[in-house]
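Each chain, written out:
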Amino acid sequence: MVDFVDSLYPELTLETDDIIMTIAVKKDYSKIEELDKRKKEFIKDLNEFIQEFSETPESDDFMLYFDDD
């Protein structure tokens, strides 16, 4: 069975030494013809997403995972 989200949006997995993050991209960046501008727009949107997430209760809840019990 194909995941419904997979069939709608392209996915990207980003990996560093500390984090692996898979994201589904909802915005259609094909409307931006120039590659450099398209990349800048994507990075801007990604930074905004991270900033918005950092201000949510979910980000606090996620950090609680690392508390010692």
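Residues numbered from 1 in each chain as written. Predicted model: local features only at pLDDT ≥ 70, side-chain atom pairs only at ≥ 80, totals over all residues. Heavy atoms only, no water.

### As for the environment of Arg38
Okay, so step 1: Within the fold, Arg38 resides in helix α2 (residues 35-54).
Okay, so step 2: Distance in space between the C-alpha atoms of Arg38 and Asp28 is 10.0 Å, their sequence separation being ten residues.
Okay, so step 3: Beyond its immediate chain neighbours, meaning those up to four positions away, Arg38 contacts Tyr29, Ile32 and Glu33. (Helix = DSSP H or I, 4+ residues; strand = E, 2+ residues; numbered from the N terminus. Contact = heavy atoms within 4.5 Å.)

### Details of the nonpolar core
Okay, so step 1: One finds Ile23, Val25, Tyr29, Phe42 and Leu46 forming the largest nonpolar core, which totals five residues.
Okay, so step 2: Not counting residues within four places of it along the chain, the set of residues in contact with Val25 comprises Tyr9, Pro10 and Phe42. (Core = buried A, V, L, I, M, F, W, Y, C linked by side-chain atoms within 4.5 Å. Buried < 20%, exposed > 50% of the residue type's maximum accessible area, 1.4 Å probe, protein only.)

### Some details on α2
Okay, so step 1: Along its 20 residues, α2 runs 29 Å from first to last C-alpha, staying within 8% of the 28 Å computed at 1.5 Å per residue.
Okay, so step 2: Those residues of α2 that fall on the buried side of the exposure criterion are Phe42, Asp45 and Leu46. Each buried residue of α2 sits inside an arc of 100° when the element is viewed along its axis, so together they form one side. For α2, the exposed residues lying more than 90 degrees away from the buried face are Asp36, Lys37 and Lys40.
Okay, so step 3: Those residues of α2 that are buried are in contact with β1 (11-15) and β2 (20-24). (Expected span 1.5 Å × (residues − 1). Arc of directions from axis to C-beta.)

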